[in-house]
Amino acid sequence: MADEKKYKITSSGMKAKQERLLELKTVLLPEVVERIKEARAQGDLSENAEYSAAKELQGKLQGEIDEIENLLRYAEIVDESQMDHDSVSFGSSVKVYDEEFDEEIVYTIVGSSEADPMNNRISNESPVGAALIGAKPGDRVEFETPGGMMTLLVKEINL
């Protein structure tokens, strides 16, 4: 399967995914299995809301386990220490100035599996992340977003 997609991930992101997988398998899933057993013991399952809710939660947890295991199987840990410190790269934190909104923002460039836009952790594959990769302090980067063209001035890069 040489053409399987590799998921870029930081070492801290990999550790977080491994910890979440361990929690799912050793704590959360066993708790749900116990809830299912208790609900079964109550008798008629066709009208047992507790049983139905527990089975639904079991399915969601198993789905998350499968997703994380797949990600870890195809994960490619990017060694941030080997990255170019002079330009924005995977794992970089970059301070930019948004001229349109007159604000400074600090983005951290991460893989899609670690992205959390609400906390300014953006994917290297997103329009913003892709535009910033390779930029140096002082560069203006322009890119298309669903809301239209956007321009950011790169102010500072940290790893």
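The residue numbers shown here count from 1 along each chain, following its written sequence. Owing to the predicted nature of the model, reporting of local features is limited to residues with pLDDT of at least 70; listing and counting of side-chain atom pairs is limited to 80 or more, with chain, interface and lining totals taken over all residues. Just so you know, side-chain values use all the structure's heavy atoms and leave hydrogens and water out.

J.: Describe the sheet that holds strand S4 (residues 103–110), listing the residues and the values that go with them.
T.: Within the open sheet, the five strands sit side by side as S5-S4-S3-S7-S6. Their pairing is mixed. Edge positions in the open sheet fall to strand S5 (121–123) and strand S6 (140–145), since each of these has one partner strand only. Adjacent strand axes in the sheet meet at a mean angle of 45° when their direction is disregarded. Direction of pairing for strand S3 (residues 93–98) relative to strand S7 (residues 148–158): antiparallel, over a ladder of six bridges. Residue pairing across strands places Tyr-97 opposite Leu-153, the latter belonging to S7. Two strands qualify as a pair provided DSSP detects at least 2 bridges between them. A run of H or I in DSSP counts as a helix once it spans at least four residues, and a run of E counts as a strand once it spans at least two, with each numbered from the N terminus. The convention used is that axes are lines fitted to C-alpha atoms, helices contributing only their stretch in contact, and that angles between N-to-C directions extend from 0 to 180 degrees.

J.: Got a sec to walk through the side chain of Ser-92? Specific residues and values, please.
T.: Here Ser-92 is to be found in the loop between strand S2 (75–77) and S3. We classify Ser-92 as buried; its relative accessible area is 0%. Here the side chain of Ser-92 touches Ser-89 through a polar contact of 2.9 Å, landing on its backbone oxygen. To sort residues, take the accessible area from a 1.4 Å probe on protein chains only and compare it with the maximum for the residue type: under 20% means buried, over 50% means exposed, and anything in between is partly exposed. The term polar contact refers here to a pair of N or O atoms within 3.5 Å; inside protein, the definition further demands a hydrogen-donor-capable atom paired with an acceptor-capable atom, and it admits residues adjacent in sequence only when both atoms are side-chain atoms.

J.: Describe helix H1 (residues 11–41), naming the residues involved and giving the relevant values.
T.: A helix's residues, less one, multiplied by 1.5 Å, set its expected span. End to end, H1 covers 44 Å across 31 residues, agreeing with the expected 45 Å (1.5 Å per residue, within 8%). What is called the bend at a residue is the angle between a pair of axes, fitted to the seven residues leading up to and ending at it and to the seven starting from it. The principal kink in H1, of about 40°, is found at Leu-24. Taken together, the buried residues of H1 touch strand S1 (7–9), helix H2 (49–73) and S2. Downstream of H1 by a residue or two, Gly-43 has a phi angle that is positive, lying close to 105°. Should any heavy atoms of two residues lie within 4.5 Å, those residues are considered in contact.

J.: If you had to explain the nonpolar core to someone new, which residues and values would you point to?
T.: A general trend in soluble globular proteins is that nonpolar side chains are found buried together. Working definition of a nonpolar core: buried Ala, Val, Leu, Ile, Met, Phe, Trp, Tyr and Cys residues. They are joined through side-chain atoms within 4.5 Å. Within the largest apolar cluster, 17 residues are counted, with the highest numbers of intra-cluster contacts made by Val-88, Val-94, Val-96, Tyr-107, Leu-132, Leu-152 and Val-154. Those elements giving two or more residues to this core turn out to be S3, S4, helix H3 (127–132), S6 and S7. Sort the elements by how many residues they give to this core and S7 lands first, with four residues. Residues contacting Leu-132, with those up to four places away along its chain left out, are Val-88, Val-94, Val-96, Tyr-107, Ile-109, Ile-122, Val-141 and Val-154. Listed in part, the 16 residues of the second largest apolar core include Ile-36, Ala-39, Ile-65 and Ala-75.

J.: Any details on H2? Residues and values, ideally.
T.: Across its 25 residues, H2 extends 36 Å between first and last C-alpha, which sits within 8% of the 36 Å expected from 1.5 Å per residue. Where the residues of H2 are buried, they touch S1, H1 and S2.

Honestly, it's all geometry; don't read function into it.
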